[in-house]
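# Coordinate analysis (summary)
One letter stands for each residue in the lines below.
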2 protein chains.
Amino acid sequence: MRKKSISRKEQILQAAFATVCRQGYYETRIDDVARRAGVAKGTVYLYFRDKPDLYLGIIRWLLSQAYTILQEIAGQPLSARARLSRVFQTWTEKLLPYPGATELIFPEMNRERCNLNRRFREQVLPELRRLLDGIAGIIVQGIRQGEFRPVEPRLAALNFLNAFRTGLLLMSRELRIGSAPEQSLDLFFHGISLKTKGGK
Amino acid sequence: MRKKSISRKEQILQAAFATVCRQGYYETRIDDVARRAGVAKGTVYLYFRDKPDLYLGIIRWLLSQAYTILQEIAGQPLSARARLSRVFQTWTEKLLPYPGATELIFPEMNRERCNLNRRFREQVLPELRRLLDGIAGIIVQGIRQGEFRPVEPRLAALNFLNAFRTGLLLMSRELRIGSAPEQSLDLFFHGISLKTKGGK
DNA sequence: TATTAGACTGACTGGTCAGTCATTATACCA
DNA sequence: TGGTATAATGACTGACCAGTCAGTCTAATA
């Protein structure tokens, strides 16, 4: 009477995450995931209904981890700017080995409501909004305390995600832009800051 | 002795573009494209070697159109800021019916070098760099004329693309952010502007 | 009008892969 | 130790679809 181990599910999730980040959803074979997880294909289907279910599982897992980090930092006694910096930094550290991770989320948003997309909207969008609201909350704090301009907080939050994504992209050196992730964050801060006295 | 018409190729390209923007590459069937273009499947293969070739054709077509618009506006006697505004506006008008268009480019950048990706890097990245350099050129002008801070121009150009993408995303209302595309552009300008006297 | 070159067609094929399920392995209990 | 419930396996299947090609159509030319 063994129990379906949670760790087994986690193990598959982790393998799927790594694979999908490298190859993208459609180039990922369930066999690839199973092999990387060290289980047989059938085992994957003991823990996930079908391929989309596995995919959505990955994304929710990712978002929930991102949210946990955010909440942790939101609880610390810091300025809004310092909080966002720390979130940026922590996320970057975690996702550095998985530069494709940010692409799991956005591309699906501008698509037609096909099979996968419908489930995406139902299961992922709420989590994504929660994360955005978490960031927006920090930004509202910054506005109240006079650190930031009175920008639309959700839009600024979206820009924060963009800055993060760009930071990861810069690390890949693919576009041959000689900038570090921090510069992407810096540009973001300049966009919402009140006082921008002079230079870089 | 009819000739393989250029318009026929254009027609297929247009149909493929519309379809891929709605459904994404992997959910697009060559049959869909053919039907929308009003030709038979086989005809598609008279003009494109295989599916990736069609896909890359779409992207290069898109990038070259974007570049043409950019060049046109770059030739007008305007401030750097006014130029970027006009580019933003023109691009937005053109791509409003195809909100998925921006997703054709970026997701592929953080992926492993599989079949499709290798060809993407060879054929698309140079075009993309050219476009980025075009934007960066306007930004350099702005820096020289004291409109913008001395930011890294290529990074700022990448941010401009992000702002554009976010503008399109806002139009879809999916995230329930009550902002218009212009606000995304505004945030971008704040990030690179020298003088930011007070709030909105 | 007959000829022909090249455009166009769409039924067909072969490979791929998600998902299944009969079988085997394992842990737990009496 | 034998019995049982559950976990795990991996060979198999059926659907799907990119790409093919033998045949048809069309228009320009002689």
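Residues numbered from 1 in each chain as written. Chains lettered and ligands numbered in written order. Predicted model: local features only at pLDDT ≥ 70, side-chain atom pairs only at ≥ 80, totals over all residues. Heavy atoms only, no water.

- Chain A appears in an unreviewed UniProt entry as TetR/AcrR family transcriptional regulator from candidate division WOR-3 bacterium.

## Concerning the interface of chain A and chain B
- On the side of chain B, 52 residues touch chain A, which itself brings 54 residues to the contact.
- Carbon and sulfur atoms supply 55% of the area that chain A and chain B bury against each other, a total of about 5,200 Å² over both sides.
- Taken together, the links from chain A to chain B amount to two salt bridges.
- Between E174 of chain B and R121 of chain A there is a salt bridge, with the nearest N and O atoms lying 2.3 Å from each other.
- Our count for the contact surface shared by chain A and chain B stands at twelve residue pairs in polar contact (both at pLDDT 80 or more).
- Those elements giving two or more residues to the side of chain A that touches chain B turn out to be α1 (6-23), α7 (125-144), α8 (153-171) and α9 (181-192) of chain A.
- With ten residues, α8 of chain A is the single largest residue contributor to the side of chain A that touches chain B.
- In the side of chain A that touches chain B, the residues fall into 21 nonpolar, 17 polar and 16 charged. (Contact = heavy atoms within 4.5 Å. Buried area = accessible area lost by both parts, 1.4 Å probe. Salt bridge = Lys/Arg side-chain N within 4 Å of Asp/Glu carboxyl O. Polar contact = N/O pair within 3.5 Å; in protein donor to acceptor, adjacent residues only side chain to side chain. Helix = DSSP H or I, 4+ residues; strand = E, 2+ residues; numbered from the N terminus. Nonpolar A, V, L, I, M, F, W, Y, C, P; charged D, E, K, R; others polar.)

## A closer look at the relation of the copies chain A and chain B
- Mapping chain A onto chain B calls for a screw motion: a turn of 180° about the axis and a shift of 0.0 Å along it, with 0.0 Å RMSD after fitting. Both copies of the chain, as the preceding transformation shows, are related through a two-fold rotation axis. For chain A, the smallest separation between a C-alpha atom and the rotation axis is recorded for G191 of chain A, amounting to 1.7 Å.
- A high fraction, 96%, of the interface residues of chain A reappear at the interface in chain B, so the copies pair face to face through one surface. (Least-squares fit on C-alpha atoms with pLDDT ≥ 70 in both.)

## A short note on helix α8 (residues 153-171) of chain B
All names here are of chain B.
- Taking 1.5 Å as the rise per residue, α8 with 19 residues should run 27 Å; its terminal C-alpha atoms sit 27 Å apart, in good agreement.
- By the criterion of burial, α8 is predominantly enclosed, with 17 of the 19 residues buried.
- Looking one or two residues beyond α8, the residue adopting positive phi is R173, at roughly 60°. (Expected span 1.5 Å × (residues − 1). Buried < 20%, exposed > 50% of the residue type's maximum accessible area, 1.4 Å probe, protein only.)

## Observations regarding the packing of helix α4 (residues 51-74) of chain A against helix α6 (residues 115-123) of chain A
Residue and element names in this part refer to chain A.
- Between α4 and α6, whose axes approach to 11 Å, the crossing angle comes to 30°. Where α4 crosses over α6, the two elements pack in a sense that is right-handed. Each of P52, D53, Y55, L56, I59 and R60 in α4 lies in contact with α6, whose residues at this interface are L116, R119, F120 and Q123.
- Broken down by class, the residue content of the contact of α4 with α6 amounts to six nonpolar, one polar and three charged. (Axes fitted to C-alpha atoms, helices over the stretch in contact; angles between N-to-C directions. Left-handed = near helix turned anticlockwise from the far one by under 90°.)

## Section: the domain arrangement of chain A
Residue and element names in this part refer to chain A.
- Annotation of chain A at the domain level lists domain 1 (1-48) and domain 2 (50-192).
- Contacts between the two partners involve 18 residues from domain 1 and, on the opposite side, 16 residues from domain 2.
- Interface of domain 1 and domain 2: buried area, both sides summed, is about 1,600 Å²; carbon and sulfur atoms make up 77% of it.
- Contact with domain 2 buries area across many residues of domain 1, yet F17, Y25 and F48 alone supply 42% of it, more than any other trio.
- At the junction of domain 1 with domain 2, the criterion picks out zero salt bridges.
- Summed over the shared surface of domain 1 and domain 2, the number is five residue pairs in polar contact (both at pLDDT 80 or more).
- Those elements giving two or more residues to the side of domain 1 that touches domain 2 turn out to be α1, α2 (30-37) and α3 (41-47).
- With nine residues, α1 is the single largest residue contributor to the side of domain 1 that touches domain 2.
- Among the residues making up the side of domain 1 that touches domain 2, the classes are represented as 14 nonpolar, two polar and two charged. (Domains from an automatic or database assignment.)

## What about the packing of aromatic side chains?
- What the rule picks out here adds up to 23 aromatic pairs over all chains.
- Feature note: the residues F88, W91, F148, F160, F164, F188 and F189 of chain A constitute an aromatic cluster, connected by ring pairs.
- Between the NZ or CZ atom of R130 of chain B and the centre of the ring of Y67 of chain B, over which it lies, the distance is 3.8 Å. (Phe/Tyr/Trp six-rings, centres within 6.5 Å; stacked < 30°, edge-to-face > 60°. Lys NZ or Arg CZ within 6 Å of the ring centre and 35° of its normal.)

## Some words on the packing of helix α4 (residues 51-74) of chain B against helix α5 (residues 80-95) of chain B
Residues and elements named next belong to chain B.
- For the pair α4 and α5, interaxial distance at closest approach is 10 Å and the crossing angle is 145°. As α4 runs across α5, the sense of the crossing is right-handed. Taking contact as the criterion, the partners of L62, A66, I69, L70, I73 and A74 in α4 are, on α5, R83, R86, V87, T90, W91, K94 and L95.
- Along the lines of polarity and charge, the residues of the contact of α4 with α5 split into nine nonpolar, one polar and three charged.

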